[in-house]
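Tertiary structure, described
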Amino acid sequence: MLMTFDYGFTDDQKEIIKLAREIAEKKIKPVRAHYDETEEFPWEVIEDIRKADLFGVYLPVEYGGFGGANTEMCLVSEELSKACGGISLAVTACGLCAIPILLFGNEAQRQRWLPDLGSGKRLGAFNITEPDAGSDATATKSTARREGDYYVLNGLKNFCTNGEAAEIYIVFATVNPVRGPRGITAFVVEKGTPGFTFGKKETKMGIRASSTYELIFENCKIPASNRLGSEGYGLFVAQATFDFSRPGVGSQALGIAQGALDETIKYIRNRKQFGQTVISFQAIQHMMADCAMKIEAGRALLYSVNRTMDKIQKEAYARAKESGKLVYEEMRALNPGRVTKYSAMVKAFCSDVAMQVTTDCVQMCGGIGYMRDFPVEKYMRDAKITQIYEGTNQVQRNEIAMMMIKEYASQMVQKELLKV
Amino acid sequence: MPLNIVVCIKQTPATGSVSIDPQTGDISKEGISYAISPFDEYALEEGLRLKERFPGGATLALTMGAVRAEEILREAIARGVDGVYHLCDEAFDGSDTFATSYILSQGIRKIEEERKIKIDLVICAKQTNDGDTGQVGPGLAAWLDWPNTAYVKKVEQVTDTLLRVHRMMEDGTDILEIQRPALISVVKEINEPRLPSLKGKMAAKKAVIPRWGASDIKADPALIGLKGSLVEIAKRQSPPKRAGGLKIGGATIEEKAKIFVDKLRELKLL
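Within every chain, residues take consecutive numbers counted from 1 along the sequence as written. As a convention, the first chain written is A and the first ligand written is 1, with the rest following in written order. Since the coordinates come from a predicted model, pLDDT governs what is reported: local features require at least 70, and pairs of side-chain atoms require 80 or more to be given and counted, while whole-chain, interface and lining totals use all residues. Note: side-chain values were computed over all heavy atoms of the structure, leaving out hydrogens and water.

Moving on, we come to the overall build of chain B. Note on conventions: DSSP H or I runs of at least 4 residues are helices, E runs of at least 2 residues are strands, and numbering of each starts at the N terminus. Assigned secondary structure in chain B consists of 6 helices and 11 strands. With the principal axes as the frame, chain B shows a C-alpha extent of 70 × 45 × 40 Å. Within chain B, the fraction of its 270 residues that count as buried is 45%. By definition, residues are in contact when any of their heavy atoms lie within 4.5 Å. Partitioning the intrachain contacts of chain B with sequence separation of at least 6 by distance along the chain shows that 69% fall at a separation of at least 24. Every accessible area reported is derived by Shrake-Rupley at a probe size of 1.4 Å, with residue values counting cover from the shown protein chains alone. Summing over all exposed atoms, chain B offers an accessible surface of approximately 14,700 Å²; the carbon and sulfur share of this is 52%. Under the convention used here, Asp and Glu are negative, Lys and Arg are positive, and both His and the chain ends fall outside the count. Charge positions come from single atoms, namely NZ of Lys, CZ of Arg, CG of Asp or CD of Glu. Charge-centre separation for chain B: the mean point of 38 positive side chains lies 4 Å from the mean point of 38 negative side chains. We call a residue buried when its accessible area falls under 20% of the maximum for its residue type, exposed when it is over 50%, and partly exposed in between, using a 1.4 Å probe and counting protein chains only.

Okay, here's the thing in structure tokens:
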């Protein structure tokens, strides 16, 4: 008897998996090639996902969410990504917009933006990148000048996921260039604000159903109440956001990997060469086994890290509701330590797995695997970005190593080591 | 003009899970899974769309079937219906289309009584995927003494007194006006069924589903179950298996064409 590994999901989480899988099969698979080809934004699928209530699974019920946390968001992302990693990104990019609002927004800010992000009525986006500030976000050049109750934004941001389609944008600009990284501040800017326009639409290698735009700010005046967190805390907001959003990339990557493997095995079971099915060759079987092993290891890491994060998020949120403080403040008070290391591990590991697995899948399929009218090569193109965005996998390794150095350097660890 | 709608749905063996028992010629019960009859999904969707087009009424789902048939009523709640009713009684077992349509008509009368409303429209699918008769819809209309139209592919207009519908025919489309209350049975060309929503699914989980037996719906015992059925099944038989087709090989189109033509010649078809 074959077994489905039980990761201990709740009944509600299983319902989410089922529903997301149904959307992936019935609504995304039939149209994914079209959006990959045309690079149009998949509005019709967005509507299906909206109707299914899958946008806000990770948000508290007070904001129209489902009361879940990271696990729920990642389950949606993983299942949708099995069909198309570009379309699924429209949903997780909204999460990347909502997380900083949830963590650093005051009650008024949370009420103002989260319900629409949770229902999918308005899409969200998060943009820290600039032409000269990629991995080095401290080089942010866009400025935000305080004028009474307003800030005036100027500058160019680029590679904005959900750009143009989204209506709520988290952007980063410096309030004081002299202060360098300590001047960078997070803001929420709504589409339609005068002085905020869209520049170039990027054409991409993969995730082509996802829109990627330049954002242009020319004397764009926004109320001071759109500032997220204190002045100069922008990089802090970004870091804390990434701590919780990076598993989202991991889940997208694993979905892509699993989707590619499913398509591949379906094909090689029937494809015959030298008078036997391709799947019956041991060389292929070992590749298959390696793919499955890596994906499963990624899942185990992703789910266990998420479980820890869920607990922190839910507890901090419950306390913030009582105290009226920011969720992030409560999170610090709980003092779980930063989850950065584990979050980076999930992101880097799962996305490396996705690249290896999808490359091997194209290989197992042979010539047809390389062809556009066969679904496997798209997975390989889609997988690549997961090693790059939300911090390249080199940056993830830097962060993991940095945390390790800190840990080993701390006295407590020193003492523990001396004991042995 | 708000519409009160009842959609009749049925739980049937899920397509793909079905095998035929060679002994009895009937569907094998082993390893079978059940689902809402695929055509019924279109009926349900149309009921929900009409509620959205003409707000203010209620769209309800009704089924007759075993205890497990409750699952499809929960599915209907998950997709957004306002209420569901389950006609479930051992006395209903063995009902043919005549008895089934009678039982459903009594169920609809009972819904009217229970909710203190008048039903304006009953929607069925053109047929189920198991019995395949296409008789229950029109039969139900006869019991209700309402006009009915089968093979509806579009509900164009609804007024206080009339429905204007498009009926799909082999040689074109009939545009018909029928008086309310009415029954329509729909084809799959009518819409694209939605998926359930997460909130709907949660509501469905918690819902308490009313279950009515023969006496609840004041059904005449002589008209229900095996006793009330007019059809007698003499024998079940599967159609003979079709021989597999021939796959044309060849590297180029020209080569394939040659092999194909040779084959046709060989079979003396050319």
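Here we come to the packing of aromatic side chains. Residue and element names in this part refer to chain A. We call Phe, Tyr and Trp rings a pair once their centres come within 6.5 Å, taking the six-membered ring for Trp, and we label the pair stacked below 30 degrees between planes, edge-to-face above 60, and tilted otherwise. Per the counting criterion, the structure on display carries 22 aromatic pairs over all chains. Judged by centre distance (4.7 Å) and plane angle (75 degrees), the ring pair of Tyr-7 and Tyr-303 falls under edge-to-face. Linking Tyr-7 in the segment before α1 (11–28) with Tyr-303 in helix α8 (residues 282–323), this pair joins segments that are 296 residues apart in sequence. Pairwise contacts between aromatic rings join Tyr-169, Phe-196, Phe-198, Tyr-213 and Phe-217 into one cluster.

Another point: the interface of chain B and chain A. Facing 11 residues of chain B, the contacting portion of chain A comprises 17 residues. Buried area counts how much accessible surface, traced with a 1.4 Å probe, disappears from two parts once they are put together, with both parts' losses summed. In total, chain B and chain A occlude about 1,200 Å² of area from one another, counting both sides; carbon and sulfur atoms represent 61% of this. Among the residues chain B hides against chain A, the three largest losses belong to B:Leu195, B:Leu198 and B:Lys201. Together they make up 49% of the total. Salt bridges are identified by distance alone: a Lys or Arg side-chain nitrogen within 4 Å of an Asp or Glu carboxyl oxygen. Remark: the boundary between chain B and chain A carries 3 salt bridges.

Another aspect to go through is the confidence of the model for chain B. What pLDDT expresses is the predictor's confidence in each residue, scored from 0 to 100. Per-residue pLDDT for chain B averages 91, and the proportion of residues at 70 or more is 100%. For this predicted complex, the interface confidence score (ipTM) comes to 0.80, while the overall pTM stands at 0.87.

Moving on, we get to unusual backbone geometry. All names here are of chain B. With an omega of -10 degrees, the peptide bond running from Arg-180 to Pro-181 counts as cis. One can find Pro-181 in the loop between β9 (172–179) and β10 (182–186). At Tyr-151, a residue that is not glycine, the phi angle is positive and equals roughly 55 degrees. Mapped onto the elements, Tyr-151 comes out in strand β7 (residues 148–158). Assessed through its relative accessible area of 41%, Tyr-151 is described here as partly exposed.

What follows deals with a nonpolar patch on the surface. A cluster of nonpolar side chains, A:Ile368, A:Tyr370 and A:Met371, forms an exposed patch at the surface whose accessible area comes to about 320 Å². Within the fold, A:Met371 resides in the loop between α10 (340–365) and α11 (376–386). Nonpolar side chains (Val, Leu, Ile, Met, Phe, Trp, Tyr) within 5 Å and like charges within 9 Å form the patches, drawn only from residues with over 30% relative accessible area and no salt bridge.

Below, the discussion takes up the sheet that holds β7(B). Residues and elements named next belong to chain B. Two strands qualify as a pair provided DSSP detects at least 2 bridges between them. If you trace the 9 strands from one edge of the open sheet to the other, you get β9-β8-β7-β10-β6-β1-β4-β5-β11, paired in mixed fashion. Strand pairing shows two members of the sheet lacking a second neighbour, β9 and β11 (211–212), which therefore form its edges. As judged from the 3 bridges shared by β7 and β10, these two strands associate in the parallel manner. In the strand pairing of β10, Asn-148 is matched with Leu-183. In this description, a line fitted to the C-alpha atoms serves as the axis of each element, helices being fitted only across the stretch in contact, and the angle between N-to-C directions of two axes falls anywhere from 0 to 180 degrees. Helix-sheet contacts for helix α2 (residues 70–79) involve β4 (59–64), β5 (83–87) and β11, and the interaxial angle to β5 is about 170 degrees.

The next thing to look at is the side chain of A:Thr161. All names here are of chain A. With respect to the helices, strands and loops of the structure, Thr-161 is situated in strand β3 (residues 150–161). The exposure class of Thr-161 is buried, given its relative accessible area of 17%. When near neighbours in sequence (up to four residues on either side) are disregarded, Thr-161 contacts Leu-89, Ala-93, Ala-125, Ser-210 and Ser-211.

The tally for this structure, following the rule as stated, stands at 51 salt bridges over all chains. A salt bridge links B:Glu70 to B:Arg211, with the shortest nitrogen-to-oxygen separation between them at 2.9 Å. Of this pair, B:Glu70 sits in helix α2 while B:Arg211 sits in strand β11, and the two are 141 residues apart along the sequence. Look at the salt bridges and you will find they share partners, linking A:Asp36, A:Glu39, A:Arg208, A:Arg372, A:Glu377 and A:Arg381 into a network.

We now examine the domain arrangement of chain A. Residues and elements named next belong to chain A. As used throughout, domain bounds are those supplied by an automatic or database domain assignment. The domain architecture assigned to chain A consists of domain 1 (11–122), domain 2 (126–228) and domain 3 (234–409). Computed from C-alpha coordinates alone, the two centres of domain 1 and domain 3 are separated by 17 Å. With 34 residues of domain 1 at the interface, the matching set in domain 3 holds 40 residues. Our enumeration of links across domain 1 and domain 3 arrives at 4 salt bridges. Between Asp-36 and Arg-381 there is a salt bridge whose closest N-O contact spans 2.8 Å. We call two N or O atoms a polar contact when they sit within 3.5 Å, provided that within protein one can donate a hydrogen and the other can accept it, with sequence-adjacent residues counted only if both atoms are side-chain atoms. Across the contact surface, domain 1 and domain 3 share 17 residue pairs in polar contact (both at pLDDT 80 or more). Taken together, the elements giving at least two residues each to the side of domain 1 that touches domain 3 come down to α2 (32–38), α4 (70–83) and α5 (85–104).

To continue, consider helix α1 (residues 38–53) of chain B. For a helix, the expected span equals 1.5 Å multiplied by the number of residues minus one. With 16 residues, α1(B) extends 23 Å between its outermost C-alpha atoms, agreeing within 8% with the 22 Å of an ideal straight helix rising 1.5 Å per residue. Those residues of α1(B) that fall on the buried side of the exposure criterion are B:Phe39, B:Asp40, B:Glu41, B:Tyr42, B:Ala43, B:Leu44, B:Glu45, B:Glu46, B:Gly47, B:Leu48 and B:Leu50.

Residue and element names in this part refer to chain A. Counting 125 residues, the largest nonpolar core has Leu-54, Leu-103, Leu-153, Phe-172 and Met-364 as its most contacted members. Ranked by residues supplied to this core, first place goes to helix α7 (residues 234–268) with 14 residues. Apart from residues no more than four positions distant in its own chain, Leu-103 is found in contact with Ala-240, Thr-241, Phe-244, Leu-326, Val-327, Tyr-328 and Met-331. Remark: nonpolar core denotes a set of buried residues (Ala, Val, Leu, Ile, Met, Phe, Trp, Tyr, Cys) joined through side-chain atoms within 4.5 Å.

Turning next to the state of the cysteines. Residue and element names in this part refer to chain A. In this description, the term disulfide denotes a pair of cysteine sulfurs within 2.5 Å. Scanning the entire structure with this criterion turns up 0 disulfides over all chains. In this structure Cys-350 is a free cysteine whose sulfur lies 9.1 Å from that of Cys-74, the closest cysteine sulfur available. Cys-350 gets classed as buried once you look at its relative accessible area, which sits at 0%.

It is worth spelling out the pairing of strand β1 (residues 5–8) of chain B at this point. Residue and element names in this part refer to chain B. Alternating positions in β1 separate into two faces, Ile-5 and Val-7 on one and Val-6 and Cys-8 on the other, with burial throughout. Direction of pairing for β1 relative to strand β6 (residues 121–125): parallel, over a ladder of 3 bridges. Each bridged residue has a counterpart across the sheet, and for Val-7 the counterpart in β6 is Ile-123. Sheet analysis places β1 next to β4, joined by 4 bridges and oriented parallel. Its bridge partner lying in β4, Val-7 is registered against Ala-61.

Let's shift gears to the packing of α4(A) against α5(A). Residues and elements named next belong to chain A. With their axes 7 Å apart at the nearest point, α4 and α5 run at an angle of 160 degrees to one another. For the element pair α4 / α5, the angle class is roughly antiparallel. Here the hand of the crossing between α4 and α5 comes out left-handed. Of α5, the residues touching α4 (which contributes Met-73, Val-76, Ser-77, Leu-80, Ser-81 and Ala-83) are Gly-85, Ser-88, Val-91, Thr-92, Gly-95 and Ile-99. Residues are grouped as follows: Ala, Val, Leu, Ile, Met, Phe, Trp, Tyr, Cys and Pro are nonpolar; Asp, Glu, Lys and Arg are charged; all remaining types, including Gly, are polar. Classifying every residue of the contact of α4 with α5 by side-chain character gives 6 nonpolar, 6 polar and no charged. Orientation is classified from the angle alone, with under 35 degrees giving roughly parallel, over 145 giving roughly antiparallel, 65 to 115 giving roughly perpendicular, and any other angle giving oblique. A clockwise turn of the near helix away from the far one marks a right-handed crossing, whereas an anticlockwise turn of less than a right angle marks a left-handed crossing.

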